[in-house]
Amino acid sequence: MTAPLLSVENVSKRYRLPRERLLAAPPEVQALDGVSFTLQAGRSLGVVGESGSGKSTLARLVMALEAPTSGRVQLEGEDLHALPPAELRRRRSALQMVFQDPYGSLDPRRTVLQTVAEPLAVLLGAGRAEQRERAAEVLDAVGLRAADLAKYPHEFSGGQRQRIAIARALVTRPKLIVADEPVSALDVSVQAQVLNLMQSLQDRFGVTYLFISHDLAVVDLVCDEVLVLSEGRIVEQGDPGALFTRPQHPYTQRLLAAVPGMKPRVRGGPALAQNLPQRPSQPT
């Protein structure tokens with residue numbers, strides 16, 4: 001079997017809280033507790049759970065923005081948190097992230113070109129000509145125009161801003177994109193466009209997604225596999241069709257019961273078109 005692109009091995013993360021009393025030891029909270037999974041290249045893994053379950057902490061550890069208290073996060077066999085700073089910086093071009101809020105994740109003072117091309121300059125040292133060429137290329141890939149490079153974020157709708165965020169994530173040609181609630185701030189009709197876009201980009205570029213969401217229906221649509229986090233632990237994992245049809249753990253059963261009309265769907269099948277609005281001719 002091919003070695004996984006991403007391997008998370010027995011990862012735990014504890015945070016120290018402020019002291020409650022001067023002479024007392026600071027209390028700790030266990031955000032993750034012994035989390036392990038693998039993700040093959042070109043696949044999509046969904047991570048679901050309630051607020052406080054550890055989803056965002058897991059995203060920060062995978063992105064090497066924070067170090068685990070114990071355990072390892074490996075990208076193509078390399079322990080990210082054991083790399084020297086210079087080597088980690090080099091590897092960051094293979095790791096990109098799409099954030100939840102397309103309004104807050106883009107600097108309103110910077111043009112689209114400056115925003116999208118920044119990773120090329122910072123991580124790869126690309127010159128201005130290459131920056132513009134690559135930025136125009138990925139903007140076209142997400143359904144926008146090269147002429148949009150000179151515009152500012154306030155000139156775009158929410159869906160278009162998230163397309164810009166995705167273009168920024170794609171510009172270094174990463175192997176893994178961590179998408180943290182990438183459509184939760186968007187209208188339902190725009191969610192459909194962005195989800196369809198992410199799937200088409202995966203087919204085109206072979207990108208791998210770690211897709212973090214509280215929306216089970218969204219994960220069911222776009223992910224090949226799903227793991228369920230509860231209080232920092234994986235309580236269930238498997239194919240979304242089987243897991244959402246026959247959940248074994250009481251926590252997963254409660255999550256599904258909280259979603260009105262939740263029904264299993266086949267990724268990329270007719271149900272996607274039936275359950276979400278069709279993509280209009282012009283990107284929103």
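Everything quoted here is computed from the prediction, not taken from an experiment. (Residues numbered from 1 in each chain as written. Predicted model: local features only at pLDDT ≥ 70, side-chain atom pairs only at ≥ 80, totals over all residues. Heavy atoms only, no water.)

**Q** Explanation requested: the overall build of the chain in the structure shown.
**A** Within the chain one finds ten helices and ten strands. Radius of gyration (C-alpha) of the chain: 19 Å, near the 19 Å computed for a compact globule of 284 residues. Principal axes of the C-alpha set define a box for the chain whose edges measure 55 × 45 × 45 Å. Counting every position in the chain, which comprises 284 residues, the buried fraction comes to 50%. Carbon and sulfur atoms make up 49% of the accessible area of the chain, which totals about 13,800 Å². Taken together, the 33 basic and 30 acidic charged side chains of the chain have centroids lying 3 Å from each other. (Helix = DSSP H or I, 4+ residues; strand = E, 2+ residues; numbered from the N terminus. Rg over C-alpha atoms; globule rule 2.2 N^0.38 Å. Buried < 20%, exposed > 50% of the residue type's maximum accessible area, 1.4 Å probe, protein only. Areas by Shrake-Rupley, 256 points an atom, 1.4 Å probe, with all protein chains shown as cover. Lys, Arg positive; Asp, Glu negative; His and termini not counted. Charge placed at Lys NZ, Arg CZ, Asp CG, Glu CD.)

**Q** Would you mind going over unusual backbone geometry with me for this structure?
**A** In most cases, non-glycine residues show a negative phi, while peptide bonds are predominantly trans. Here Asn-10, not a glycine, exhibits a phi torsion of approximately 50°, which is positive. When you line up the elements, Asn-10 lands in strand S1 (residues 6-16). Even without being glycine, Glu-231 reaches a positive phi, approximately 50°.

**Q** How should I be thinking about the pairing of strand S7 (residues 176-180) in this particular structure?
**A** Successive residues of a regular strand alternate their side chains across the two faces of the sheet. Counting buried residues in S7 gives five out of five residues, a clear majority hidden from the surface. The two faces of S7 match: Leu-176, Val-178 and Asp-180 on one face and Ile-177 and Ala-179 on the other face are all buried. The pairing of strand S6 (residues 95-98) with S7 spans four bridges and is parallel. In the strand pairing of S7, Met-97 is matched with Val-178. The pairing of S7 with strand S8 (residues 208-212) spans five bridges and is parallel. Each bridged residue has a counterpart across the sheet, and for Asp-180 the counterpart in S8 is Ile-212. Since S7 and S8 lie parallel, the crossover through helix H6 (residues 188-205) that links them has a hand, and here it is right-handed. (Pairing = 2+ DSSP bridges. Right-handed = clockwise from strand over helix to strand, strands pointing away.)

**Q** Just to check I follow, could you spell out the packing of helix H3 (residues 112-124) against helix H5 (residues 158-170) for this structure?
**A** Think of two packed helices as two axes; the pair is described by the angle between the axes and how far apart they sit. The geometry of H3 relative to H5 is characterised by a closest axis approach of 7 Å and an angle of 30° between their N-to-C directions. Between H3 and H5, the crossing angle belongs to the class labelled roughly parallel. On the side of H3, the interface is formed by Val-112, Thr-115, Val-116, Glu-118 and Pro-119, while H5 contributes Ile-164, Ala-167 and Arg-168. Across the contact of H3 with H5, the residue classes tally to five nonpolar, one polar and two charged. (Axes fitted to C-alpha atoms, helices over the stretch in contact; angles between N-to-C directions. Parallel < 35°, antiparallel > 145°, perpendicular 65-115°, else oblique. Contact = heavy atoms within 4.5 Å. Nonpolar A, V, L, I, M, F, W, Y, C, P; charged D, E, K, R; others polar.)

**Q** What is the right way to look at helix H9 (residues 250-257) in this model?
**A** Within an α-helix, residues lying three or four positions from one another point in the same direction, as the helix has 3.6 residues per turn. Listed in full, the buried residues belonging to H9 are Tyr-251, Thr-252, Leu-255 and Leu-256. The arc that holds every buried residue of H9, seen down its axis, measures 135°, which confines them to one face. Residues of H9 that are exposed and angled more than 90 degrees away from the buried face: Arg-254 and Ala-257. The inward-facing, buried residues of H9 contact helix H7 (216-222), strand S9 (225-230), strand S10 (233-238) and helix H8 (240-245). (Arc of directions from axis to C-beta.)

**Q** What exactly am I supposed to notice about the sheet that holds strand S2 (residues 28-39) here?
**A** Across a sheet, paired strands are connected by hydrogen bonds in the backbone, their directions being either parallel or antiparallel. Strand order in the open sheet formed by four strands is S2-S1-S4-S5, with antiparallel pairing between adjacent strands. Two strands close off the open sheet at either side, each with one partner strand: S2 and strand S5 (78-79). Judged from the two bridges that link them, strand S4 (residues 70-75) and S5 form a sheet pairing that is antiparallel. For Gln-74, the partnering residue across the bridge sits in S5 and is Asp-79. Contacting S1, S2 and S4, helix H1 (residues 55-62) runs over the sheet at an angle of about 115° to S1.

**Q** Please explain the confidence of the model for the chain as it appears in this structure.
**A** Detailed reading of the predicted coordinates is not advisable wherever pLDDT falls low. Considering every residue of the chain, the mean pLDDT works out to 86; 91% of them sit at 70 or more. For residues 264-282, every residue scores under 50 in pLDDT, and the model assigns this stretch 31 contacts once sequence neighbours within four places are set aside. (pLDDT = per-residue confidence, 0-100.)

**Q** Looking at this model, I keep getting lost on the environment of Lys-175. Mind explaining?
**A** Among the secondary structure elements, Lys-175 is positioned in the loop between H5 and S7. We classify Lys-175 as partly exposed; its relative accessible area is 39%. In this structure the C-alpha to C-alpha distance between Lys-175 and Asp-79, which are 96 residues apart in sequence, comes to 16 Å. Excluding residues that lie within four positions of it along the chain, Lys-175 makes contacts with Leu-5, Glu-76, Ala-94, Val-207 and Thr-208.

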